[in-house]
Amino acid sequence: MSDLPKSDEYFSQIDHKPPKLTGWMDTPINIRKGMYCYASNPKSVETLGLPYARPWNPLEDDWQLPENWQQIIHEGLKERLERFRSFKIFMDICVRCGACADKCHFFLGTGDPKNMPVLRAELLRSVYRNDFTAAGKILAKAGFGKQIGARPMTLDVLKEWWYYFFQCTECRRCSVFCPYGIDTAEITIIGRELLNLLGLNIDWIATPVANCYRTGNHLGIQPHAFKDMLEFFVDDIEEITGVRVDPQFNKKGADILFITPSGDVFADPGTYTCMGYMILFHFLKEKYGFDVTWSTYASEGGNFGFFTSHETMKRLNAKMYLEAKRLGVKWILGGECGHMWRVINQYMDTMNGPADFLEEPVSPITGTKFENAKSTKMVHIAEFTADLIKHGKLDLDVRRNDHLKVTFHDSCNPARGMGLLDEPRYVIKNVCNHFYEMPANTIREQTFCCGSGAGLNAGEDMELRMAGGLPRANAVKHVHKKHGVNMLACVCAIDRAVLPALMEYWVPEVDVTGLHELVANALILPGENDRETDLRGEPLPGTEDDTNE
Amino acid sequence: MSQKNLALFLEKRKSAVVSKWFDEVAASYAPDAGQFLKKQQDPFSNPVGMSFRDGLSGLFDQVVHGIDREGALPFLDPLIRIRAVQAFTPSQAIAFIFSLKTVLRRNFGKEIYAQQLQEALVELESRIDTLGFLAFDLFMECREKIYQLKANTERNTIYRAFARAGLIKEDPEN
Ligand code: SF4
Ligand code: SF4
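In this convention, every chain numbers its residues from 1, walking through the sequence in written order. As a convention, the first chain written is A and the first ligand written is 1, with the rest following in written order. Note on the predicted model: pLDDT of at least 70 is required for a residue's local features to be given, and 80 or more for side-chain atom pairs to be given and counted; whole-chain, interface and lining totals, by contrast, use all residues. Each side-chain value is worked out from all heavy atoms of the structure, with water and hydrogens disregarded.

## With respect to the site of ligand 1
Residues and elements named next belong to chain A. Lining the immediate environment of ligand 1, one finds 13 residues, of which Cys104, Cys168, Cys171, Arg172 and Cys174 sit closest. Every element with two or more residues in the shell around ligand 1 is listed here: helix 4 (105–110), helix 5 (117–132) and helix 9 (184–196). Classifying every residue of the shell around ligand 1 by side-chain character gives seven nonpolar, three polar and three charged. Whether a residue is near a molecule or strand depends on its heavy atoms: if one lies within 4 Å, it is near. By the criteria applied, helices consist of DSSP H or I runs no shorter than four residues and strands consist of E runs no shorter than two, each listed in order from the N terminus. Amino acids are sorted into nonpolar (Ala, Val, Leu, Ile, Met, Phe, Trp, Tyr, Cys and Pro), charged (Asp, Glu, Lys and Arg) and polar (every other residue, Gly among them).

Now the structure itself:
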């Protein structure tokens, strides 16, 4: 038997093992196609007024950096350590206990140890130790820096930052498990800011943000096209329900301004959610005189500035409030979005707020005061609708969703970023008969990210997205197998854009929907026809074309 | 006859074989990751590790009792689907299938020869090869799916919505 090859020699010419890890600092960076997003278009970087706009390619050795790039990083880091106390604390207090190590979906999906949150943070912390701590400075001089986890800023370190800070969706799952509450997402945000100082952004972020500046939304869609699209939905809704809804645009003096991510207006299946909002608003207008307006200028709720820098985030957030001021509304109702809400809840107040020119939000229909929107003046539509249902204000035919077996994906930002956990579930359970939760350690505060947030929802990084989304998909697959779940509901436009691809790869039997598509399927409009199809044009259970019944 | 005997022999040792086979898979990852794959037993906290535990166990039965495509796919597909998005070359991605041969010979070869089951073992090994071919097909399918998703994602959903609305017009500036 002794002449048999050992397993690891089995393919002597083809090495099927990664190099031994002699310590993470010694594992060289290997930038792999499919795992990163393209470098940003210099034009977009210029539009944003960010420095060092130039064409560059992550796969090439020379990243065309400014000569004094190390100094720029050092000073940038210094400035942020002084400015953000939390960042300084996060740099100092990690005890490397490892509680966060296996909590990141990117680590679980890729098996790459540098995707352990503790190591991701360590990429930056090692430079901090080297440059800013007394022990680091002394030991580094003596050549022992490595032993305390300190290392100087080199080109390889910079490349590693770029590669791994754009393999983090800033989802904060790791922070839930850290005994000190260290939020690696905040470290990623700073890491990306530092990279931006050298013009090292990715195009999927820079160009949408530049579009937001110019035309008000990520896709650069102009106001008339925005309106055309909504008017097309009016026709579609009429075809399905027999009722012609009549959305208001840019109406001065309306009670409420409605803002949703542009993905709902322009990309399937978000479009059905958008039709859902329109149907709900029409119902409320007919029954209760609800006065809401869309804006063709603040036509984007999503805030990709959040993935760029604190300044950019602030500038994009301000647009919504300026429009609310211009129109003179009482408060803002916000659609199903992820990072829009994280920005509103976590940053808005100290950034552009408090929005004192608006009123404290009160539902004109139920009289409910939305206490947690007291300061931001912006109410989440899931909360708004849950309140309507709770007060019996909606007429619902729940059977119209009987062909769906629904589960709910907690989008990281509304769930972990603002604690919106029960409202969407309450709504779903009231508009659908079949609802099944995914396993407890994959939902609510512990929800697994879609794997494509924080600007990583491009096409070229599909391997990264599929690997990062694996833990989420794995839980969906479980409820699909166990309960026959065929619909994954969510309250985030990025989710609606990226989960269909994730499902297509991992659980092709499951489709994706927004919350208000489900609401509108069940909602009975005054004067409507007998509906034969749902909003997607699929036959409803019990109708002639429905062969399953 | 000897086929049956080998099947009986291996069935009794299933958990040892599968566990050693699993170790081979874990060894194809970085040590820290491999450790984790072995340790964490919750299927939702460790989707890769637990998918492999399940999958390898099912594939073991296939190899021992005879392979048919339909029976093997539910176990093989999830594993190849995972490997196809991780940092492996195509050969690295499916090499774990063939490592079962080594696991069997290294750990049980002596006993198998002692019981004169070596011919049956050769036959069984050809089933492992069949599994390897299946894995190769699946790997290609997964890669094609990835490329299709790359080509069609965002743009497609956006164009679809626009086309429905009859709003597709080329913008000369882009
Ligand atoms: S914030 Fe999310 S993506 Fe980033 S390291 Fe933590 S768990 Fe991973
Ligand atoms: S859980 Fe917190 S303290 Fe422990 S390693 Fe992770 S970041 Fe550091």
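This is not the end of the story, as more comes after the structure.
## Notes on the packing of aromatic side chains
Only Phe, Tyr and Trp rings take part, Trp by its six-membered ring, and two of them pair if their centres are within 6.5 Å. Stacked means planes under 30 degrees apart, edge-to-face means over 60, and tilted covers everything else. Summed over the entire model, instances satisfying the criterion amount to 25 aromatic pairs over all chains. Where Phe52(B) meets Phe96(B), the ring centres are 5.3 Å apart and the plane angle is 80°; that geometry is what we call edge-to-face. Linking Phe52(B) in helix 4 (residues 47–65) with Phe96(B) in helix 6 (residues 90–114), this pair joins segments that are 44 residues apart in sequence. Buried means the residue's accessible area, taken with a 1.4 Å probe over protein chains only, is under 20% of the maximum for its type, while exposed means over 50%, and partly exposed covers the values in between. A relative accessible area of 4% means that Phe96(B) is categorised as buried. Taken together, the ring pairs in this structure connect Phe258(A), Tyr277(A), Phe281(A), Phe290(A), Trp294(A), Trp331(A), Phe370(A) and Phe384(A) into an aromatic cluster. A cation sits over an aromatic face here: Arg53(B) above Phe22(B), 4.0 Å from the ring centre. Only when the NZ of Lys or the CZ of Arg is both within 6 Å of the ring centre and within 35 degrees of the ring normal is a charge said to sit over the ring.

## Comments concerning the side chain of Thr407(A)
Checked against the element boundaries, Thr407(A) lands in strand 5 (residues 406–408). With residues near it in sequence (within four places) discarded, Thr407(A) still touches Phe435(A), Tyr436(A), Glu437(A), Met438(A), Val479(A), Val485(A), Met487(A), Leu488(A) and Ala489(A). Two residues qualify as a contact provided that any one of their heavy atoms is within 4.5 Å of a heavy atom in the partner residue.

## Details of the pairing of strand 7 (residues 511–514) of chain A
Residues and elements named next belong to chain A. Any two strands with at least two DSSP-identified bridges between them are counted as paired. One ladder, built from four bridges, connects strand 6 (residues 487–490) with strand 7; its direction is parallel. Within strand 7, the position partnered with Cys490 by the bridge is Gly514. Following the chain from strand 6 across helix 21 (residues 493–506) to the adjacent parallel strand 7, one finds a crossover that is right-handed. Note on handedness: a crossover is taken as right-handed if, strands pointing away from the viewer, the path from the first strand over the helix to the second is clockwise.

## Observations regarding the nonpolar core
The set of buried Ala, Val, Leu, Ile, Met, Phe, Trp, Tyr and Cys residues whose side-chain atoms join them within 4.5 Å is what this entry labels a nonpolar core. By size, the foremost hydrophobic cluster in this structure holds 148 residues, and its most contacted members are Trp161(A), Met466(A), Trp506(A) and Phe52(B). Excluding its chain neighbours within four sequence positions, the residues that come into contact with Trp506(A) are Met466(A), Leu470(A), Ala473(A), Lys477(A), Arg81(B), Ile82(B) and Val85(B). Counting residues in hydrophobic clusters, the runner-up holds 63 residues, among them Tyr272(A), Leu333(A), Val406(A) and Leu518(A).

## Describing the environment of Val157(A)
Residue and element names in this part refer to chain A. When you line up the elements, Val157 lands in helix 7 (residues 155–165). For the pair formed by Val157 and Trp294, sequence separation is 137 residues and the distance between their alpha carbons is 46 Å. Setting aside its immediate chain neighbours within four residues, Val157 contacts Leu123, Val127, Arg151 and Pro152.

## A few points about the sheet that holds strand 6 of chain A
The strands that make up a sheet pair up through hydrogen bonds in the backbone, lying either parallel or antiparallel. Residue and element names in this part refer to chain A. One open sheet holds the three strands; their spatial order is 5-6-7, and the pairing between them is parallel. The outermost strands of the open sheet, each flanked by one partner alone, are strand 5 and strand 7. If you compare each strand with its neighbour and ignore which way they point, the axes differ by 35° on average. In this sheet, strand 6 lies alongside strand 5 in parallel orientation, the contact comprising three bridges. The axes used here are C-alpha line fits, helices contributing only the stretch in contact, and every angle between their N-to-C directions lies in the interval 0 to 180 degrees.

## Quick notes on the site of ligand 2
Residues in contact with ligand 2, as listed here, are Cys94(A), Val95(A), Arg96(A), Cys97(A), Gly98(A), Ala99(A), Cys100(A), Val118(A), Cys178(A), Pro179(A), Tyr180(A) and Ile182(A). Partitioning the shell around ligand 2 into residue classes produces ten nonpolar, one polar and one charged.

## Focus on the environment of Met275(A)
Residues and elements named next belong to chain A. Tracing the backbone shows Met275 in helix 13 (residues 270–288). Put simply, Met275 and Phe233 are 42 residues apart on the chain and 6.2 Å apart in space, counted from C-alpha to C-alpha. For Met275, the contacting residues outside a window of four places in its chain are Phe233, Asp236, Ile237, Ile240 and Leu535.

## A few points about the pattern of salt bridges
Note on definitions: salt bridges are taken to be side-chain nitrogens of Lys or Arg within 4 Å of carboxyl oxygens of Asp or Glu. Going through the model one piece at a time under the given rule, you end up with 42 salt bridges over all chains. When the shortest N-O distance is used, the salt bridge between Lys285(A) and Asp246(A) registers 3.9 Å. Taken as a pair, Lys285(A) in helix 13 and Asp246(A) in the loop between helix 11 (223–241) and strand 1 (256–259) lie far apart in primary sequence, 39 residues in all. Between Arg81(B) and Asp77(B) there is a salt bridge, and its shortest N-O distance comes to 2.8 Å. One end of the pair is Arg81(B) and the other is Asp77(B), both in helix 5 (residues 69–83) and four residues apart, which spans about a single turn. You can call Arg81(B) buried: its relative accessible area is 13%.

These values are about where atoms sit, not about what they do.
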